[in-house]
Amino acid sequence: MGHCSGYSAVSRNYVGLYEYELRHRTSYNSDGTGIHGGRHSEHFNSTFLGSCDNWIKNLNFFSSNYGGRNVAWVGDVGVGVCKPGMHGQARAFDLTQLRFTNGSFIDMNYSWRSSRTLAHKRGYVAVAAQCRRYAGTVLTAWYNSAHQNHIHFDNGTAVTYIRTGVKTDTTLVQASCNFLNGESLAVDGIWGSLTEAAYQRLLGRFNMRCTNPKGNRSDAVVFLSYIVRHGLANRAAGTYRHNC
Ligand SMILES: [Zn+2]
């Protein structure tokens, strides 16, 4: 498989560091976690590849410093694939699993589901938030049923502030409020008064009330980084605090 003709792309069998090999998901275990093959190549637009390299190296920074886990490999079900949308231009990544060197994992068909442990659910929102720090479009399990077995991220839209009118951003914040700060929001993508109040409480826990992630891109990237560190470390919001 590859991207559509007419777009330039490079072939890569890892992201970030050579050791972070790409592995393709081929099927599922009985518990729903993905079964992945050995190292394989995908086609990347060169600019998008640079973002993916930074995304995973920075994720490893957070996972090693907040939870003591190092990235072993990265599971996928396609990057450059000739179909409509950003995959055709090799500017989209379908992420299935992150595996750590200690054998633990965050699986995009498994970890988000309500029956899983809080640690898994926190890991899933951390991964989604980390994708959103490097790509403007991040489609998760709460976006639609087609994304309940992988997270799609692409750079068709640049990284921006938290958009309260956009379902992908709203559901990510709602789920983060629930998993990191004990809220009970419906993860429905509608930014109403309950979501706003819960968001403000999460912002307060992070000691970020002096910032404006809903209006400012760099504030949003920092806000998302607090979701990443708490999620990867399996800690409640407030364990790590921003300097306001
Ligand atoms: Zn996709």
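Up top is the structure.
Attention here is on the structure that accompanies the text. (Residues numbered from 1 in each chain as written. Predicted model: local features only at pLDDT ≥ 70, side-chain atom pairs only at ≥ 80, totals over all residues.)

1. Quick look at unusual backbone geometry
Next up, step 1: The phi dihedral of A90 is positive, around 60 degrees, even though this residue is not glycine.
Next up, step 2: If you trace the backbone, A90 turns up in the loop between strand 5 (71–76) and strand 6 (92–100).
Next up, step 3: Residue A90 is classed as buried on the basis of its C-beta count, with 28 C-beta atoms lying within 10 Å.
Next up, step 4: At N234, a position not held by glycine, the phi torsion is positive, near 55 degrees. (Helix = DSSP H or I, 4+ residues; strand = E, 2+ residues; numbered from the N terminus. Buried ≥ 20, exposed ≤ 12 C-beta atoms within 10 Å, placed from the backbone.)

2. Structural notes on the pairing of strand 2 (residues 21–28)
Next up, step 1: One ladder, built from four bridges, connects strand 2 with strand 5; its direction is parallel. Across the sheet, residue R23 finds its bridge partner in strand 5, namely G75.
Next up, step 2: Judged from the four bridges that link them, strand 2 and strand 3 (residues 34–39) form a sheet pairing that is antiparallel. What sits directly across from R25, in strand 3, is H36.
Next up, step 3: Following strand 2, the chain reverses through five residues before pairing antiparallel with strand 3; G32 in that reversal takes a positive phi of roughly 95 degrees. (Pairing = 2+ DSSP bridges.)

3. Looking at the pairing of strand 9 (residues 151–154)
Next up, step 1: Of the two faces of strand 9, the one carrying I151 and F153 and the one carrying H152 and D154 are both buried.
Next up, step 2: Relative to strand 9, strand 8 (residues 137–139) runs antiparallel, the two being bridged by three bridges. Along strand 9, the bridge assignment pairs T137 with D154.

4. Details of the environment of F61
Next up, step 1: Residue position: F61 is located in helix 1 (residues 46–65).
Next up, step 2: By the C-beta count within 10 Å, which is 13 here, F61 ends up partly exposed.

5. Let's talk about the packing of helix 2 (residues 118–134) against helix 5 (residues 217–233)
Next up, step 1: At a minimum axis separation of 8 Å, helix 2 and helix 5 run at an interaxial angle of 150 degrees. Taken as axis vectors, helix 2 and helix 5 run roughly antiparallel relative to one another. For the crossing formed where helix 2 meets helix 5, the hand is left-handed. Listed contacts from helix 5 to R122, G123, V125, A126, A129, Q130, R132 and R133 of helix 2 are V221, L224, S225, I227, V228, H230, G231 and L232.
Next up, step 2: The residue inventory of the contact of helix 2 with helix 5, partitioned by class, reads eight nonpolar, five polar and three charged. (Axes fitted to C-alpha atoms, helices over the stretch in contact; angles between N-to-C directions. Parallel < 35°, antiparallel > 145°, perpendicular 65-115°, else oblique. Left-handed = near helix turned anticlockwise from the far one by under 90°. Contact = placed C-beta atoms within 7 Å. Nonpolar A, V, L, I, M, F, W, Y, C, P; charged D, E, K, R; others polar.)

6. Remarks on the environment of T101
Next up, step 1: Its place among the elements puts T101 in the loop between strand 6 and strand 7 (105–107).
Next up, step 2: In contact with T101, other than residues within four places in its own chain, are N70 and A72.

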